[in-house]
Amino acid sequence: MSDKFHAKSRTGLMAGTRLAGTGLSRRLAIGLAAVAMLSAAAPAVAQAAVPTPEAWFGHRMGTDRKLEPYAKMVAYYQELAKTSDRIKLVEIGKSTEGRPYLAMFISSPENLAKLEEYRQMNAKLADPRGVPQAELDRIVKEGKAVIVQSYDLHSSEIGSSLTAIEFTYGLATRTDPEALNILNNTIAIIMPSLNPDGHDMVQEWYMKYVGTPYEAGPMPWMYQKYVGHDNNRDAFMLNMAESKNIAKILYRDWVPQAYIDHHQMGQYSPRISIPPYADPIRPGADPLVWREMTWFGSHMAYKLDAAQLSGGIGDAIYSGWGHMGFHWITPFHNIAGMLDESASANLATPLYVHPDQLQGGQRNVPDNKPQMNMPDPWPGGWWRSRDIVDRQLVTSWALLDQAARNRETVLKNGYTKALRQTERGATAETKAYIVSAAQHDPLTANKMVNALLLQGVDIYRAPAEFVHEGKVYPVGSYVFPMNQPKQGLLRWMLGETHFPDDTYARDKNGNPIRPYDMSTDTMTEFMGIESTPVGTAVTASLTKLSAPVNTPGTVASGASTYLLDGDLNDSFHAVNLLLKSGATVKRVKTAAGAAKAGDFIVSGASAGSVTQVATSTGVSFAASSGVPESATYTVKAPRVAMLKRYRGGNIDEGWTRFLLETFDFNQTALMDAEIKAGNLIKKYDVIVLPSDSVSNMTGEPPPPGAGGRGGGFGGESLEATPPEFRSGFGAEGVKALEEFVKAGGRLITFAQAGDLPMQKFGLPVRNIVAGKSGKEFWSPGSTLKIKVDTKNPLAFGMPQDALAIYTAEGQVYEVTPRMYNERVEVIASYADTNVLKSGWLVGEDLIAGKAAMISVHLGKGEVVMVGFRPQHRSQAHGTYKLLFDTLFDGPPATP
């Protein structure tokens, strides 16, 4: 899971399955034998036909240099479900590329026979409003603890896929008292692979090169079609098919009492990080959630040490305030959401770790000596895939064991948390959030509402205009009352957020400690939606939403020329569809009649295509009149290319590609060979460089200490990469890109990618936050206020006041004095004061009033540099138009 996955030591690639040097200690051997006994206890007669993993796959799980394809794993799970009456296998959906997405419900046969009854009981615990106390007491007495465990999310952390196989087999066959108690008192929902597509990519790549110099080398591309390592960052926006699948289980259909996601981390850390999280935690969840994590984690720690599996640590490395991924968002669903993180091998190839390489340095890990949260550190030696499986088996079993032993407490906690959160919401300062229908982009507001419906929250809509606390809200406005079980979730999705700058957030020298990935994930701010917190309950007549909001656009009767609102992101989608149908599209450059600058005028489209586009996009087609030709310019379908590289792939490229596909922009993947061939202006109008380092793009060595955003596969070692996948377009490619711009092309850069034209083209701008220490400037995943020049065609349709999502690789620009300063246009700049909206910002004075987005004219073309990621993870709806506008040609330039 670690974004800074340690560079893989090639030591482990040496032929060597021997224990070399240290060997296995006697106590470790005893521990491994104990784990094996737990996993393979004698099956009952009724289960005699259940195939063992060894019989099915031909080897023990975790055997060196053995990984299995997903299809074979699916077939095994199907066989287990066929031969065991303890397993109900359900395909809950498909992956992005169409592979089956599985959930296995595992319990006693008697419990599985009443699965729907237990689901309904569980739903009452998750939302006990209006449920009589006597009914809750009955459910506590008769119900079953629901526990979800997921595996194989980040596909280079592939050991958990092997754990899931052996763990499921054990649940299907064990007959000892502990296992039977688990089966009788819990419903285990096992999701064996949250990323089937990525699993096959990694497995195929690894097995192809086993026994070669490239064994266990980094895969050249991301391990998911679009998002790679960012797949768990999608837990609140739910863009990916895989995210929607797991959300159905976690957020709506089952809402378990506990959830754990099994991961891997770097190679030179403790051997497994277990719950609870380290400080700081994100407030707003019921305290029992955090106590439960400690409770479950303590049982895992006990079981690990009882089995003599060293190197287990809790209350360390991963803080309780992280990005809103699945295990960090679930506490606000009143679920004890957890993760474990095992140290990684070289995929399935052993790695030798010297004792002095285990030096600590992370949160609450000062060194590798015994401490209260790690009394038995691992001494070093060979580390194998099997070691990962052994430890994850213990944590998987321990979670179920603790829940089974304390079933009634777990169930009572379930409804207690929900009731207390509802009461907190009813008595809190903010009683509700209101999202007015009068938004800059109301269609995006609908998308936000639909995403939150998938989270299982209560949302109401106003059938008529109403007034609350002196403000008028038009028909169609949304109300999110806080007196509901998931009010903590709504608070973080809809409300301003400030990361605590306190002793937990800084080291002993006062340097900021980066939050895990993001310091805020505020949905309203990301999407450009205004929400109003109100201090009194809304009493207006409202209608509770029971289905997604999908309102088709209207079409003006009798019109042949139509006006589309340029403020709407979806108008760009409509325009792309219309251009493909052969329609003529013009854009308004100066306001005239009912049209404002940035609106689109459409003619030459059939009535059928107009109706179809209005229905699918939600964009309304008004009649257009009174707009002279002189106030418009013709819009053509842009010829867009985007840099795509190897070296683990670029997550920012994947997200951008997904977004452009969603809005039906034509695009071409631009690889090194085509760039170096030159003459790019003949093929393309626009080239996009997603956020990336210069070294990753060109292939040149990075500066000392520099890093870049990669694909998260686990390093970019060229010696372990086959020559045909060693990407980098070099000086030839730099020259070709500069010639493309000078010949009239438009080059767009996001965030860190701006270094390339600044350093290589000699542009008259500099990044004023480059090289600053954390004490001087710090803004890890925050929303910052920007002022937008909406008269510039590169910002048509944007509001004048907007929010940018600033992340670690962001840039802030200043024009260096030159003779032709007018060749640089500032499209957006940071606010003069109070720059921070949500998150964490150190060094406001450094960036206040400075440029966030610029256009630099070069020859006949221009370089558009966006210092942040305007499409950030397909979540930044509020700044999409800053990308979309740059893809379309603007009005003809005035000499």
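Just above sits the structure.
None of these values were measured; they are calculated from a predicted model.

> Just checking my understanding: could you explain the overall build of the chain for this structure?
Scanning the chain from terminus to terminus reveals 26 helices and 36 strands. Computed over its C-alpha atoms, the radius of gyration of the chain comes to 28 Å, within 12% of the 29 Å expected for a compact globule of 895 residues. Seen through its principal axes, the chain has C-alpha atoms that stretch 85 × 65 × 55 Å. When burial is assessed residue by residue, the chain has 61% of its 895 residues classed as buried. Taking the contacts inside the chain whose residues are at least 6 apart along the sequence as the reference set, 82% of them involve residues at least 24 apart. As presented, the chain carries roughly 31,700 Å² of accessible surface, and 53% of it is formed by carbon and sulfur atoms. Between the mean site of the 88 positive side-chain charges and the mean site of the 91 negative ones, the chain shows a separation of 1 Å.

> What is the right way to read the sheet that holds strand 13 (residues 432–435) from this model?
Each strand in a sheet pairs with another by means of backbone hydrogen bonds, the pair being arranged parallel or else antiparallel. Spatial strand order, 18-13-17-14-19: 5 strands in an open sheet with antiparallel pairing. The sheet is open, and its two borders are formed by strand 18 (532–534) and strand 19 (543–544), each paired with just one other strand. Direction of pairing for strand 14 (residues 460–461) relative to strand 17 (residues 478–481): antiparallel, over a ladder of 2 bridges. Across the sheet, Tyr460 pairs through a bridge with Val479, a residue of strand 17.

> Explain helix 20 (residues 651–662) to me, please; I cannot follow it from the model alone.
In an α-helix there are 3.6 residues to a turn, and that puts residues three or four apart on one side. In this model, helix 20 (12 residues) spans 17 Å end to end at C-alpha, consistent with the 16 Å of a helix rising 1.5 Å per residue. Counting buried positions along helix 20 gives 10 out of 12 residues, so the element sits mostly inside the fold. Listed as buried for helix 20 are Ile651, Asp652, Glu653, Gly654, Trp655, Thr656, Arg657, Phe658, Leu659 and Leu660. The elements touched by buried residues of helix 20 are strand 25 (640–643), strand 26 (667–670), strand 28 (746–750) and helix 26 (880–887). Where helix 20 begins, the side chain of Asn650 points an oxygen toward the backbone nitrogen of Asp652, at a separation of 3.0 Å. Count one or two residues on from helix 20 and you reach Asp664, which has phi positive near 60 degrees.

> How should the environment of Ala247 be read in this particular structure?
Along the chain, the position of Ala247 falls in helix 10 (residues 241–253). On the basis of relative accessible area, Ala247 is assigned to the buried category, the value being 0%. Separated by 79 residues in the primary sequence, Ala247 and Phe326 have C-alpha atoms spaced 8.6 Å apart.

> What am I meant to see in the packing of helix 18 (residues 569–580) against helix 19 (residues 607–617) here?
Interhelical geometry of helix 18 versus helix 19 gives an angle of 150 degrees and a closest axis separation of 10 Å. Considered as vectors, helix 18 and helix 19 are oriented roughly antiparallel to each other. Relative to helix 19, helix 18 is oriented so that their crossing is right-handed. Two secondary-structure elements touch here, helix 18 through Asp570, His573, Ala574, Leu577 and Leu578 and helix 19 through Val613, Ser616 and Thr617. Here the contact of helix 18 with helix 19 is composed, by residue class, of 4 nonpolar, 3 polar and 1 charged.

> Would you mind showing me how to read the sheet that holds strand 24 (residues 632–635) here?
The sheet built from 5 strands is open, its strands ordered 23-20-22-21-24 with antiparallel pairing. Pairing within the sheet leaves two strands with one partner each, and these edge strands are strand 23 (622–623) and strand 24. As paired strands, strand 21 (residues 584–588) and strand 22 (residues 600–603) are joined by 4 bridges and run antiparallel to one another. When the bridges of strand 22 are listed, Thr584 appears paired with Ser603.

> Teacher, can you tell me more about the packing of aromatic side chains here?
Aromatic rings in a pair are described by how distant their centres are and how their planes are angled relative to each other. Considering all chains together, one arrives at 38 aromatic pairs under this definition. Plain terms: the ring middles of Trp205 and Trp221 are 5.5 Å apart, the flat faces sit at 75 degrees to each other, and that makes the pair edge-to-face. One end of the pair, Trp205, is in helix 9 (residues 196–209); the other, Trp221, is in the loop between helix 9 and helix 10, and 16 residues separate them in sequence. Among the residues examined, Trp205 registers a relative accessible area of 5% and is labelled buried. Ring geometry for Trp328 against Tyr516: centres 5.2 Å apart, planes inclined by 40 degrees, an arrangement best described as tilted. Residue Trp328 is located in helix 12 (residues 326–329), and its partner Tyr516 is located in the loop between helix 16 (487–494) and helix 17 (523–527); the two are separated by 188 residues in the primary sequence. Each member of the aromatic cluster is reached from another via a ring pair, and the members are Phe572, Phe600, Phe663, Phe665, Tyr880, Phe884 and Phe888.

What counts and what doesn't
Residues numbered from 1 in each chain as written. Predicted model: local features only at pLDDT ≥ 70, side-chain atom pairs only at ≥ 80, totals over all residues. Heavy atoms only, no water. Helix = DSSP H or I, 4+ residues; strand = E, 2+ residues; numbered from the N terminus. Rg over C-alpha atoms; globule rule 2.2 N^0.38 Å. Buried < 20%, exposed > 50% of the residue type's maximum accessible area, 1.4 Å probe, protein only. Contact = heavy atoms within 4.5 Å. Areas by Shrake-Rupley, 256 points an atom, 1.4 Å probe, with all protein chains shown as cover. Lys, Arg positive; Asp, Glu negative; His and termini not counted. Charge placed at Lys NZ, Arg CZ, Asp CG, Glu CD. Pairing = 2+ DSSP bridges. Expected span 1.5 Å × (residues − 1). Polar contact = N/O pair within 3.5 Å; in protein donor to acceptor, adjacent residues only side chain to side chain. Axes fitted to C-alpha atoms, helices over the stretch in contact; angles between N-to-C directions. Parallel < 35°, antiparallel > 145°, perpendicular 65-115°, else oblique. Left-handed = near helix turned anticlockwise from the far one by under 90°. Nonpolar A, V, L, I, M, F, W, Y, C, P; charged D, E, K, R; others polar. Phe/Tyr/Trp six-rings, centres within 6.5 Å; stacked < 30°, edge-to-face > 60°.

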